[in-house]
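Commentary on secondary and tertiary structure
Each chain is listed here by its residues.
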Amino acid sequence: GAGVSQSPSNKVTEKGKDVELRCDPISGHTALYWYRQRLGQGLEFLIYFQGNSAPDKSGLPSDRFSAERTGESVSTLTIQRTQQEDSAVYLCASSLSSGGGTDTQYFGPGTRLTVL
Amino acid sequence: AQSVAQPEDQVNVAEGNPLTVKCTYSVSGNPYLFWYVQYPNRGLQFLLKYITGDNLVKGSYGFEAEFNKSQTSFHLKKPSALVSDSALYFCAVSPTDSWGKLQFGAGTQVVVTP
């Protein structure tokens, strides 16, 4: 596809359940990022992957959050034992590389997660 | 600490009038600055970025931004606003000690009235 895609677009779950969010980056983009956007707020960085390097997990809010990426393709963000405060829009972005911070990040449409 | 601030929660402008959305930053070293726009129920769309060189950066949809190092600002501008420009605008900085991890402002809601 031409852009970053994410699935599902909406996810409603019950407190305590695990959820998986998927991101398909733009083909050829080696860097992939996850952000969280709470209602009425800006974006918070969660994690980023750059090629085969170890991911930067410094933004993950707790050990209930984890993410994986297969090579330079699909990434999955997993939230275990969801809490109501996890309700947010989760945005994925990709860029050609992470060369010195100048790359433009292209964002997907996001997954809106609601934890009841 | 490195940060970016958008001092206005909302900007109201009449169609055809100039539009300015303010952004100030606090970073060590040379900043890399970005503007994104978010339409309802959609992801962020890239508008423009400043890396180096000319202080006036031109971007998509007729937007431009001026980098002012002395005032640590990167205000977004459009000479003549359209109703379709109504959206949420985010300024972001790529911190020099953690490149790639964009740090976003809280966003400014722009409302353009006919």
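Everything below is about the structure printed above this text.
On a predicted model such as this, the values are computed, not experimentally measured, just so you know.

A few words on the packing of aromatic side chains. Each aromatic ring pair is specified by the distance between its two centres and by the angle formed by the two planes. All names here are of chain A. Throughout the structure, instances matching the rule amount to 16 aromatic pairs over all chains. A ring pair is formed by Y33 and Y48, whose centres lie 5.3 Å apart and whose planes are at 25 degrees; its orientation type is stacked. Here the residue Y33 occupies a position in strand β4 (residues 31-37), and Y48 occupies one in strand β5 (residues 43-50), the gap between them amounting to 15 residues. The buried category is assigned to Y48, whose relative accessible area is 14%.

All names here are of chain A. Side chains V19, L21 and C23 of strand β3 (residues 19-24) all project onto a buried face; the interleaved residues E20, R22 and D24 project onto a face where none is buried. Relative to β3, strand β1 (residues 5-7) runs antiparallel, the two sharing 3 bridges. Within the sheet, the bridge partner assigned to Q6 lies in β3 and is C23. With 5 bridges connecting them, β3 and strand β7 (residues 75-79) associate as antiparallel partners. The residue bridging L21 from the neighbouring strand is L77, located in β7.

To continue, consider the interface of chain A and chain B. Counting residues at the interface gives 22 residues for chain A and 21 residues for chain B. When chain A packs against chain B, close to 1,600 Å² is buried across both sides, 55% of that on carbon and sulfur atoms. Seen at the junction of chain A and chain B, the total is 1 salt bridge. Residue K101 of chain B pairs with D56 of chain A through a salt bridge whose shortest N-O separation is 3.5 Å. On inspection of chain A and its partner chain B, the count reaches 7 residue pairs in polar contact (both at pLDDT 80 or more). When residues of the side of chain A that touches chain B are traced back to their parent elements, those giving at least two are β4 and β5 of chain A. Taken together, the residues of the side of chain A that touches chain B break down into 8 nonpolar, 11 polar and 3 charged.

This part covers the pattern of salt bridges. On inspection of all chains with the given rule, the structure shows 8 salt bridges over all chains. Across the pair K58 of chain B and E64 of chain B runs a salt bridge whose closest N-O atoms are separated by 2.9 Å. Among the charged side chains, a network of salt bridges with common partners joins R36, R38 and E44 of chain A.

Conventions adopted
Residues numbered from 1 in each chain as written. Chains lettered and ligands numbered in written order. Predicted model: local features only at pLDDT ≥ 70, side-chain atom pairs only at ≥ 80, totals over all residues. Heavy atoms only, no water. Phe/Tyr/Trp six-rings, centres within 6.5 Å; stacked < 30°, edge-to-face > 60°. Helix = DSSP H or I, 4+ residues; strand = E, 2+ residues; numbered from the N terminus. Buried < 20%, exposed > 50% of the residue type's maximum accessible area, 1.4 Å probe, protein only. Pairing = 2+ DSSP bridges. Contact = heavy atoms within 4.5 Å. Buried area = accessible area lost by both parts, 1.4 Å probe. Salt bridge = Lys/Arg side-chain N within 4 Å of Asp/Glu carboxyl O. Polar contact = N/O pair within 3.5 Å; in protein donor to acceptor, adjacent residues only side chain to side chain. Nonpolar A, V, L, I, M, F, W, Y, C, P; charged D, E, K, R; others polar.

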